[in-house]
Amino acid sequence: MATFPHFGTDAIHAGQDCKQWKSKAVIPGIFLSTTYQQDVPGQPDLYEYTRGGNPTRTVLQSCVAALENAKHGLVAASGLAATSMVLQMLSAGDHIVSVNDVYGGTNRFFRKVLSKYNIECSLVDATNAENVEKAITDKTKVVWVESSTNPTLQCIDIQAVANTVHKHKDVILVVDNTFMTPYFLRPLDLGADVVLHSATKYLNGHTDVLMGVLCTNSDSIADKLTFYQYAVGAVPSPFDCYMVNRGLKTLHVRMRMHQENAMAVAKFLETSPHVVKVLYPGLPSHPTHEVAKRQCKGYSGMVSFVLKGDLSNVTKFSQSTKVFILAESLGGYESLIDVPSVMTHASVPAEEREQLGIKDTLVRLSVGLEECGDLVEDLRQALEAASSA
Ligand SMILES: *Cc1c(COP(=O)(O)O)cnc(C)c1O
């Protein structure tokens, strides 16, 4: 649970009061030991074996739980390991309802892994809670949405979906909050049962660790997740836990600047003659701007846009930037360009891409923390270069 009145103080102090360890070290330690001494056989004190628990992991888990205002926080070896941990709660024959433009790796997990256990998934446009209601059957156990989808950045009304889900007994709502982060949105406060993160993105923020996070207020869900964390074993290393905990210390500062830069980039792109359309939830022109404005404290750092021309113009654009780097992933301090149709979303069948608005000329930017003027100038000259491709 949040312990201080403000987010940034929790990011820095929650779970790491140095009085709790003998050394009084201000910065938590990295405990690499895989096992722990017992005084009496079979009666371990705090820890027994690191797959089950580790002091460095505990510090991080307490901190992420505070940031999501959750009773429980758990970490996994990657975002997809966290996805796998939640979905271990399902049994053969169960059913999932998911937002249609769900993260590609999650979609692949539904289609290629869970289908082997006869667990089916219905994909719906979750920007309208009625579509979720219609898709729920008596086999449904999980409704899966994202705080902002990818790459069109549609914001889903979490409260409306939670109300719909909770009309059905034994159905839980999982929200992948990777894109918004708890700084801008806390889905548990709006009725979600589980929040998931790819901490690989904004939470760590430095593009050097893979990790997943799960948070919940439910003791019974936490018990199950803790069991699967131990029993399945997709846990992160103590060193990675240390790194993500360190990354969290600046989450609030980074998110403010990601958003400031993203807003400036989005506004600039809207004025460019080389751009057909800009998708940023912070702009009144975005289809889900009103939902975003009502439920989020900000709009985060992802901006998508449609470039004039065809894939050759997009290619030229992506090769003409000097600050933005052409690479997958997002949420780090460095600005990145993604061309979803041939990169992150290439595995989505062409007609599905068309339906989801993922044109060949759609570009996704992860707007980083470089100086804003340099970012805008970089885009300006690259757009200019691309127009003559
Ligand atoms: C990257 C990502 C994931 C998967 O996380 P990994 O850490 O890469 O396993 C899940 N959901 C979203 C929204 C993501 O962006």
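Residues numbered from 1 in each chain as written. Predicted model: local features only at pLDDT ≥ 70, side-chain atom pairs only at ≥ 80, totals over all residues. Heavy atoms only, no water.

The full set of residues close to the ligand is Ser-78, Gly-79, Leu-80, Tyr-103, Asp-176, Thr-178, Phe-179, Ser-198, Thr-200, Lys-201 and Met-211. Within the side chain of Asp-176, one N or O atom sits 2.7 Å away from a nitrogen atom of the ligand. A distance of 2.6 Å separates an oxygen atom of the ligand from a polar atom in the side chain of Thr-200. A breakdown of the residues in the shell around the ligand according to their chemical character gives 4 nonpolar, 5 polar and 2 charged. (Near = heavy atom within 4 Å. Polar contact = N/O pair within 3.5 Å; in protein donor to acceptor, adjacent residues only side chain to side chain. Nonpolar A, V, L, I, M, F, W, Y, C, P; charged D, E, K, R; others polar.)

Pairing is mixed across the open sheet formed by 7 strands, whose spatial order is β1-β7-β6-β5-β4-β2-β3. At either end of the open sheet lies a strand with only one pairing partner, and these are β1 (72-76) and β3 (120-124). Shown here is a sheet whose adjacent strand axes are inclined to one another by a mean of 20°, direction ignored. Bridge analysis of β1 against strand β7 (residues 212-216) gives 5 bridges, and the strand direction is antiparallel. Across the sheet, the residue bridging to His-72 is Thr-216, located in β7. Across the face of the sheet, helix α2 (residues 55-67) comes into contact with β1 and β7 while running at roughly 125° to β1. Running at roughly 155° to strand β5 (residues 172-176), helix α6 (residues 158-165) makes contact with β4 (140-146) and β5 of the sheet. (Pairing = 2+ DSSP bridges. Helix = DSSP H or I, 4+ residues; strand = E, 2+ residues; numbered from the N terminus. Axes fitted to C-alpha atoms, helices over the stretch in contact; angles between N-to-C directions. Contact = heavy atoms within 4.5 Å.)

Now for the UniProt feature "modified residue: N6-(pyridoxal phosphate)lysine" (unreviewed entry) in the protein chain. When the UniProt feature table is mapped to this numbering, "modified residue: N6-(pyridoxal phosphate)lysine" (unreviewed entry) covers Lys-201. Here Lys-201 is to be found in the loop between β6 (194-198) and β7. Setting aside chain neighbours within four positions, we find Lys-201 in contact with Thr-178, Ser-329, Leu-330 and Gly-331. (UniProt positions renumbered as here; feature names shortened; annotations may be inferred.)

Another aspect to go through is the packing of aromatic side chains. One pass over the structure, following the stated rule, counts 7 aromatic pairs. When the centroid spacing of 5.2 Å and the interplanar angle of 75° are considered together, the rings of Phe-7 and Tyr-183 count as edge-to-face. You can see Phe-7 sitting in helix α1 (residues 7-13) and its partner Tyr-183 sitting in helix α7 (residues 181-184), a full 176 residues away along the chain. The burial state of Phe-7 is the same as that of Tyr-183; both residues are buried. Taken together, a centroid distance of 5.4 Å and an interplanar angle of 35° make the contact between Tyr-36 and Tyr-47 tilted. Of this pair, Tyr-36 sits in the loop between α1 and α2 while Tyr-47 sits in the loop between α1 and α2, and the two are 11 residues apart along the sequence. An identical accessibility class is assigned to Tyr-36 and Tyr-47; each is buried. What links up through ring pairs into an aromatic cluster is the set Phe-7, Tyr-183 and Phe-184. (Phe/Tyr/Trp six-rings, centres within 6.5 Å; stacked < 30°, edge-to-face > 60°. Buried < 20%, exposed > 50% of the residue type's maximum accessible area, 1.4 Å probe, protein only.)

A word on the side chain of Ser-366. Structurally, Ser-366 can be placed in strand β12 (residues 362-366). A distance of 3.0 Å separates the side chain of Ser-366 from the backbone nitrogen of Gly-331, its partner in a polar contact. Each residue touching Ser-366, except ones within four places of it in the same chain, is listed here: Gly-301, Met-302, Phe-324, Leu-330, Gly-331, Glu-334, Ser-335 and Leu-336.

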